[in-house]
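Observations on the model geometry
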Amino acid sequence: MDLALVENALLGLFASVTLAIVVSKLRGKRLKLPPGPPPVPIFGNWLQVGDDLNHRNLAALAKKFGDILLLRMGQRNLVVVSSPDLAREVLHTQGVEFGSRTRNVVFDIFTGKGQDMVFTVYGEHWRKMRRIMTVPFFTNKVVQQYRHGWEEEAARVVDDVRNNPRAATEGIVLRRRLQLMMYNNMYRIMFDRRFESEDDPLFVKLKTLNGERSRLAQSFEYNYGDFIPILRPFLKGYLKICKEVKERRLSLFKNHFVEERKKMAGTKPVDSVGLKCAIDHILDAEKKGEINEDNVLYIIENINVAAIETTLWSIEWGIAELVNHPEVQQKLRAELDSVLGPGAPVTEPDTHRLPYLQAVVKETLRLRMAIPLLVPHMNLHDANLRGFDIPAESKILVNAWWLANDPANWRAPDRFRPDRFLQEDANVEANGNDFRFIPFGVGRRSCPGIILALPILAITIGRLVQNFELLPPAGKDKLDTAEKGGQFSLHILNHYTVVAKPRPF
Ligand code: HEM
């Protein structure tokens, strides 16, 4: 290791301790900070609470310190909010004040310092990007343009599973096929493109690079450089890998998708049904000078990150819960059979007259929330919450999972019981009309993809339950639903094998 680097780091560390003590003495007098464990210099609460600040650990801390609490992670302030009222304050009432996103060295690489939309600070650039992305992605017109495509992709999954003799005997890892389906659902919208099989080399490359990006961005490995800026020089190697992955990924988007589409634009500017796809709209905005070429690539990067795995995890959780709750699965099948008739494949318009299917989707999103702490928010300027001072640039986590699983607010919240959404919580929707249930967030930074995610979830889960009896593999009576993650995303620990017995039609 470079000795000069170590010497500088130690000197810096000493200076930071002194500064931190002085600042905390000065500040302690003036600021009324939210409660939390007492911090120590330099590390704050980091060594006490550890790296894994997932939804369950934060719920446990909230029980101790209250609905609003402050953690010092090295030099960073982290405020955790754990009640529906406080969530309303952060996301709605003071939506502008808390409408920014935190940044760190790794996210700066993957987003070109906030040239994207999902991770950029609240302001002019975010507003423009959100406006430009709305027409090609987030309207009912898009749903109507692409819903036939989603229905077709789900039908292909059903066909492939029916034609796989292993599915009905030892079982299959359904996720792999569903992942291809989700890429196709989104790449049809973006580029009017689909991948034929799980072995398609371009699909494999995309999947690998997207996986690498998520792993690198969500790792705890770089926390020390993020929390204690003076240690940042030691992150050099890590950041180099991030840069390489980012370059390879953006080149792939550019060379294999954007350039292809540009070439086609001269000859065939519309998709197979005579309409523009998303990239055509985005390239129009580039031509008009509203955004630049990099922004185009970051929009594609954002959709790859925000849309595909989130929806896939939710489908994976939903199927696992239906396997583990055969009575719910049976009731759903009965609804599909009686409303549509046995064998009549569920379509997007059908989903609006299938209340139990809707309830199954909501219950999955409640119990197994894919982004349990939302995407972290941030206040650009000093702010106030419930009488507490919130220093500028604090990271604000809303524990949406806890809001939806707090026994004080829900009857037997740890049970998978879709009926709650037809009975005591019949008026609760996934769009945030009730602050106890906000799987997509609420307000300015809420998920615009909800309009696509809900029909895709309902069509996919509906078709699978219509066509198959879904069971655990021989020798098991339940699937393992142990969780992984939670700080960024919540997914199933083990991608399960499921037996899919075709129903005779
Ligand atoms: C089940 C699937 C999904 C879940 C659970 C989900 C959840 C979320 C959550 C919790 C947020 C952050 C809200 C906040 O910070 O307050 C978010 C943001 C976002 N989501 Fe989704 N999402 C899903 C699917 C999608 C899809 C399909 C798309 C796009 C096609 C999408 C695009 C976005 C974008 C662009 C943002 C950033 C919004 C902003 O910062 O202004 N999401 N999503």
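Residues numbered from 1 in each chain as written. Predicted model: local features only at pLDDT ≥ 70, side-chain atom pairs only at ≥ 80, totals over all residues. Heavy atoms only, no water.

Under an unreviewed UniProt entry, the name given to the protein is trans-cinnamate 4-monooxygenase, and the organism recorded is Apostasia shenzhenica. If you open the UniProt record of the protein and go to Subcellular location (unreviewed entry), you find "Membrane". Check the Catalytic activity (unreviewed entry) section of the UniProt entry for the protein; it says "(E)-cinnamate + reduced [NADPH--hemoprotein reductase] + O2 = (E)-4-coumarate + oxidized [NADPH--hemoprotein reductase] + H2O + H(+)". (UniProt positions renumbered as here; feature names shortened; annotations may be inferred.)

Running from amino to carboxyl end, helix α13 (residues 293-324) crosses helix α16 (residues 355-367) at an angle of 105°, the nearest separation of the two axes being 9 Å. Judged on the interaxial angle alone, α16 and α13 are roughly perpendicular. Between α13 and α16, the contacting residues are S314, W317, G318, E321 and L322 on the first element and V360, T364, L365 and L367 on the second. Counted by class, the contact of α13 with α16 contains 5 nonpolar, 3 polar and 1 charged residues. (Axes fitted to C-alpha atoms, helices over the stretch in contact; angles between N-to-C directions. Helix = DSSP H or I, 4+ residues; strand = E, 2+ residues; numbered from the N terminus. Parallel < 35°, antiparallel > 145°, perpendicular 65-115°, else oblique. Contact = heavy atoms within 4.5 Å. Nonpolar A, V, L, I, M, F, W, Y, C, P; charged D, E, K, R; others polar.)

A general feature of soluble globular proteins is that nonpolar side chains tend to end up buried together. Core analysis: the biggest nonpolar cluster contains 143 residues, and F137 and Y187 have the highest contact counts within it. For this core, the leading source of residues is α13, giving 16 residues. For F137, the contacting residues outside a window of four places in its chain are V142, I189, M190, A278, I282, I299, I303 and L452. I42, L58, M73 and V80 belong to the second largest nonpolar core, which has 16 residues in total. (Core = buried A, V, L, I, M, F, W, Y, C linked by side-chain atoms within 4.5 Å. Buried < 20%, exposed > 50% of the residue type's maximum accessible area, 1.4 Å probe, protein only.)

Across all of its chains, the model carries 37 salt bridges by this definition. Here D350 and R353 are joined by a salt bridge, their closest N and O atoms 3.0 Å apart. With a relative accessible area of 11%, D350 lands in the buried category. The class of R353 is partly exposed, set by a relative accessible area of 44%. Sharing partners across several salt bridges, the network here consists of E152, E153, R156, R188, R194 and E196. (Salt bridge = Lys/Arg side-chain N within 4 Å of Asp/Glu carboxyl O.)

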